[in-house]
Every structure is written in structure tokens, then in C-alpha cells.
Amino acid sequence: MNDRLPPLTALRAFDAAARHMSFAKAADELSVTPAALSFQIKSLEEHLGAPLFLRLNRAVELTDVGKALAPGAADGFQMLSSAWRNAQRMLDDQTLTVTAGPAFTAKWLAPRLYEFAQGHPDIELRFSASLKMMDFARDAVDVAIRFSATDDADLWSLPMVDEWVAPVMTPALAKQFSTPESLTKAPLIYDDSINFLRPKCDWEAWFGIMGIEYAPTHGPRFSQADHAIDAALAGVGVVLGRRALVVKDVHEGRLALPFKKALMSPGRFRFMCPHGTENRPQVKAFREWMLAEIEKTTYITEELEVVDTRS
């Protein structure tokens, strides 16, 4: 038996035909004639010493040998394509693809992009606002910003600044509800996107650190943090704002942070990328810019007493 691998072009022709179950469609995908594709597959069968397809009148079917080869061929070409894209990306120092959750994209990244573009006109930023787990190679992603309580050992991970939650509201509502006790009468907004945190960072927990026994449940609930913050900005009520998502609005006066006590969040945002890529020029530039932007609003945290309820 010949263990020498066949030509790559023949394997590629087989992979396309096996996926389409049509020589004509496979030939069209590869931009060759059906006769040329058929020749490649015939040469592959001769190399192997067995037929890979049953040629029917108007269709083809994989033989048992073809069925054994098809999954490995498909996986192999996917891996090759992924490796090729990764190699190309390593040579590209002008494009940066970042994935972050919709709330972080809307409330942290988008309002600051002008500053990054001004300081780095040579870098083209591309964003994917998604919470799904990304495959950096398959999805051609350079950096992921994710909120979690733990690091991912498989990735280079930089925990950003500590996170907290505290009541924020419009300046007009802050005048109306000027004491922690008065918030028991205020319209409260619920950000359900952080319900997974333990210990909890909810209204009952915040009232608890203020020495007030109150467990509210009534009010509008949002599954996305940015929607809850938008409701607060519109004057609908008071929301427990997460530091990263509200500091710019607090800094610029659109939201007030009247009470100087906040809950420490068990989770924080992390800057993540594949090991070995953290010092690529555009990745490093983006990371350093993020840290500099965070520094601009650290005074807000410094004015707070952040209470850590973790045991």
C-alpha cells in the first residue's frame, strides 16, 4: 500500500465533490471545468487503489472508502485555511478585529472610538458585538473583551480595573431621591445581565451594605445592561450601574452617582488574545489606549467606598 500522500489539488477536488455531492458544483466552486475535476478525482482513486464515488446517471455517491476519507479531508482543509488566515494576520499590522459584548461595545468602546482613531489613524478597527465564545483563528479575531470572574488559561489575559455597581440616575432624579432611604420609594431599574454573579450584586445587596433591609422586586427589567442604562438616562428610574458602563456618563454629567458606597463585583472585564500575539503592534496599541482611557475616570472610584462582600 502506498503511504505517500496524494497531490493536494486532487484531495481538494475530492473534498469539494464530497461536500456538494456533485462534480459540476464542485468544479464551479474551484473554478475548473467538470472534466478537469473528474480527472483529479480519478487520479486520486488510482493513487489510493479504490473508487471514492459511485457514478450514477445524474448523481454521485460516496463509496465506503470515500465516506472514510471525506471527514478528514474536510477537517484538513479547514485547518489549512485557518492556519493560512492566521499567517496572513500575523503579517498585517494595520487591521485589528475586536469582539466584545453588546453592552460594552455600546457604552465603552463606541463613545471612545474617535479618540482611538485620532491617535492611531493607521489602524483599521473592526468590531463584532457578541457574547458567543469566539474561536480566534476561525473567526479571525485579534482581541476579545469579556466579563468574567476567572481567567482563561488558554489565552493571554489581562484583568482590567476592578468593577463595582452603584445606583446612578439623572441629575434631576438625584435631587428628588437624595438619601439611600429615599430610594425605597424610587422607581428602580433591574439589570438582569449580572444575575449570575456570586455573591449577588443586586438591589437587595446594595441596600444591605447601606444598613437598609429592603428587597425590592418591582420595576422594569432588562436582559442587556446598555438597555437598562439607556432607561436611566431617559429618566425612567435608578439603575445599579456597572463601573465600566456608566463612568463616561457620570464623568460627563449625564448620570449622577450620589451615594458614595458601591458593591465590589466578583467579575471584571478582561483583555484577551492568543498567547504570543499580545505584543503585536496594533494589539499592544489598543491595550495601552484602553488602559489610558480607564485612567481618565479612576477618580470616580477613588471617591467611593467599594464594599467587597466576598467571604
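The preceding data block contains the structure.
Quick notes on the rules
Counting restarts for each chain: residues are numbered from 1 in the order of the written sequence. Confidence filtering applies because this is a predicted model: local features only for residues at pLDDT of at least 70, side-chain atom pairs given and counted only at 80 or more, and all residues used for totals across whole chains, interfaces and linings. Excluding hydrogens and water, the side-chain values take into account all heavy atoms of the structure. Helix and strand labels come from DSSP, where a helix needs a run of H or I of at least four residues and a strand needs a run of E of at least two; each type is numbered from the N terminus. In this description the radius of gyration comes from C-alpha coordinates, and the expected globular size is given by 2.2 Å times residues to the power 0.38. Each residue's exposure class comes from its accessible area (1.4 Å probe, protein chains only) as a fraction of the maximum for that residue type: buried when under 20%, exposed when over 50%, partly exposed otherwise. Between two residues, a contact is recorded if the distance between any of their heavy atoms is within 4.5 Å. The protein chains shown are the only cover counted for residues, whose accessible areas, like all others here, come from Shrake-Rupley with a 1.4 Å probe. Under the convention used here, Asp and Glu are negative, Lys and Arg are positive, and both His and the chain ends fall outside the count. Where a charge lies is defined by one atom per residue type, namely NZ (Lys), CZ (Arg), CG (Asp) and CD (Glu). This arc corresponds to the set of directions leading from the helix axis out to the C-beta atoms. In the analysis that follows, any N or O atom pair within 3.5 Å is treated as a polar contact, provided that within protein one partner can donate a hydrogen and the other can accept it, and provided that, for residues neighboring in sequence, both atoms belong to side chains.

Asks: So what's going on with the overall build of the chain? Residues and values would help.
Replies: For the chain, the count of helices and strands is twelve helices and 13 strands. Radius of gyration (C-alpha) of the chain: 28 Å, far over the 19 Å computed for a compact globule of 311 residues. In terms of principal-axis extent, the alpha carbons of the chain reach across some 85 × 40 × 35 Å. The buried share among the 311 residues of the chain stands at 44%. A sequence separation of at least 24 residues applies to 79% of the contacts in the chain between residues at least 6 apart. Summed over its atoms, the accessible surface of the chain is roughly 16,400 Å², and 55% of this surface lies on carbon and sulfur atoms. Distance from the positive charge centre (34 side chains) to the negative charge centre (40 side chains) of the chain: 3 Å.

Asks: Go over the side chain of Thr97, please, and point to the residues and values.
Replies: On the secondary structure map, Thr97 appears in strand E3 (residues 95–100). The exposure class of Thr97 is buried, given its relative accessible area of 14%.

Asks: Quick rundown of helix H2 (residues 23–30)? Include the residues and the values.
Replies: Listed in full, the buried residues belonging to H2 are Phe23, Ala26, Ala27 and Leu30. All buried residues of H2 lie within an arc of 100° about the axis, which places them on one face of the element. Facing away from the buried side of H2, by more than 90 degrees, are the exposed residues Lys25 and Asp28. Buried-residue contacts for H2 involve helix H1 (8–20), helix H3 (34–48), strand E1 (53–55) and strand E2 (60–62). Its side-chain oxygen 3.4 Å from the backbone nitrogen of Ala24, Ser22 forms the N-cap of H2. Following H2 by one or two positions, Ser31 has its phi on the positive side, about 60°.

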